[in-house]
Amino acid sequence: MKYKLKSSKGWVVKNQRPEEFLLGPKFYYSDEEVERYSRSSGMKKAQEKIAFRVLKLLSIPEGSTLLDLGSGPGITAEVYRSEGFKVTCLDVIPKMLEKAEAKGFACVLGDMRNLKELFPKRKFDGVVSVSALQWLKNSEDVKQLAEGIFFVLKKNSPCIIQFYPKSEQELKDVLGIFKQAGFSGNSVTDNPGNPRKRTIFLVLKKTSN
Ligand SMILES: C[S@@+](CC[C@H](N)C(=O)[O-])C[C@H]1O[C@@H](n2cnc3c(N)ncnc32)[C@H](O)[C@@H]1O
């Protein structure tokens, strides 16, 4: 994500990810890449592990409705469903959603920045997202996402987002944008001392109206 860093305090990820130099997910997820991604056992294992952690941070009852943003082929969604949640998958890549649809999920094709237009009437018990937010390019996009999530969530409901910020400053900026949109909460970092295993979550709640 392209932010002007106010200072170089804290950690910074030096390796460049495709999300940084490509214009958007459509330039990365070709049909071949969707196939490769969906069949990768390593990717499946990694996404499932994060999804189980998301559920621990979510702490809402079985049977609750969940919106999975950037659901891809539904790897994380399958974990949520296996634990009793009613999942709606949203992704911007049609081929990804075809895979999720084939697994029996309710699917919505669209950009996660446009939640108000995509769900003008529907409210969810929880919103989750794993490894997708880092595709957003700037703070305006994050603001649009945060306001959209706020709109589609029921009051006092949680939102858990795992993503790959480029730096500690970017993490703070993103969290600040969500708080500005009306959420309370904080970030949780697993394995903070190990850059290769560091996993970052926003643990948020819609507390105001
Ligand atoms: C790592 S992948 C899928 C992760 C997913 N949690 C899973 O279980 O496989 C990230 C996904 O985010 C989607 N994505 C990225 N930007 C998006 C946006 N603005 N709106 C909707 N989906 C987006 C991509 O198309 C891709 O399918």
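1. Some details on the sheet that holds strand β7 (residues 199-206)
Here's step 1: The seven strands are arranged β3-β2-β1-β4-β5-β7-β6 in an open sheet whose pairing can be described as mixed. Two strands in the sheet have a free side with no partner beyond their single neighbour: β3 (106-109) and β6 (183-190). In this sheet, adjacent strand axes meet at a mean angle of 20 degrees when their direction is disregarded.
Here's step 2: As paired elements, strand β2 (residues 86-91) and β3 share four bridges and run parallel to each other. Along β3, the bridge assignment pairs Leu90 with Val108.
Here's step 3: This element, helix α5 (residues 94-102), spans β2 and β3 of the sheet and lies at about 170 degrees to β3.

2. Some points on the site of the ligand
Here's step 1: For the ligand, the set of nearby residues contains 23 residues, the closest of which are Tyr37, Gln47, Thr76, Asp91 and Met112.
Here's step 2: Contacts to the ligand include Tyr37, whose side-chain N or O atom sits 2.7 Å from an oxygen atom.
Here's step 3: A distance of 3.0 Å separates a nitrogen atom of the ligand from a polar side-chain atom of Gln47.
Here's step 4: For the ligand, whose free accessible area comes to 590 Å², the fraction covered by protein is 97%.
Here's step 5: Residues belonging to the shell around the ligand are distributed by class as follows: 14 nonpolar, seven polar and two charged.

3. Side note on the nonpolar core
General note: in soluble globular proteins, nonpolar side chains tend to be found buried as a group.
Here's step 1: Formed by 33 residues in total, the largest nonpolar core has its most connected members in Leu67, Leu69, Ile149, Phe178, Phe183 and Leu202.
Here's step 2: At the level of secondary structure, the elements contributing two or more residues to this core comprise β1 (65-69), α7 (139-152), β5 (158-163), α8 (168-180) and β7.
Here's step 3: Ranked by residues supplied to this core, first place goes to α7 with six residues.
Here's step 4: Discounting chain neighbours no more than four positions away, the residues touching Leu69 are Leu90, Met112, Leu115, Val127, Val128, Ser129, Val130, Ala132, Leu145 and Ile149.

4. So, the environment of Leu55
Here's step 1: Assignment of secondary structure puts Leu55 in helix α3 (residues 41-58).
Here's step 2: On the accessibility criterion, Leu55 (14% relative accessible area) is buried.
Here's step 3: C-alpha separation for the pair Leu55 and Val87, spaced 32 residues apart in sequence, amounts to 13 Å.
Here's step 4: When near neighbours in sequence (up to four residues on either side) are disregarded, Leu55 contacts Val79, Tyr80, Glu83 and Phe85.

5. Regarding the packing of α3 against helix α4 (residues 75-82)
Here's step 1: Closest axis-to-axis distance for the α3/α4 pair is 8 Å, and the angle between their directions is 45 degrees. On the basis of the axis angle, α3 is oblique to α4. Here α3 runs over α4; the crossing is right-handed. Between α3, through Lys44, Gln47, Glu48, Ala51, Phe52, Val54 and Leu55, and α4, the contact on the second element is made entirely by Ile75, Thr76, Val79 and Tyr80.
Here's step 2: Of the residues belonging to the contact of α3 with α4, the class tally is seven nonpolar, two polar and two charged.

Procedures and definitions
Residues numbered from 1 in each chain as written. Predicted model: local features only at pLDDT ≥ 70, side-chain atom pairs only at ≥ 80, totals over all residues. Heavy atoms only, no water. Pairing = 2+ DSSP bridges. Helix = DSSP H or I, 4+ residues; strand = E, 2+ residues; numbered from the N terminus. Axes fitted to C-alpha atoms, helices over the stretch in contact; angles between N-to-C directions. Contact = heavy atoms within 4.5 Å. Near = heavy atom within 4 Å. Polar contact = N/O pair within 3.5 Å; in protein donor to acceptor, adjacent residues only side chain to side chain. Areas by Shrake-Rupley, 256 points an atom, 1.4 Å probe, with all protein chains shown as cover. Nonpolar A, V, L, I, M, F, W, Y, C, P; charged D, E, K, R; others polar. Core = buried A, V, L, I, M, F, W, Y, C linked by side-chain atoms within 4.5 Å. Buried < 20%, exposed > 50% of the residue type's maximum accessible area, 1.4 Å probe, protein only. Parallel < 35°, antiparallel > 145°, perpendicular 65-115°, else oblique. Left-handed = near helix turned anticlockwise from the far one by under 90°.

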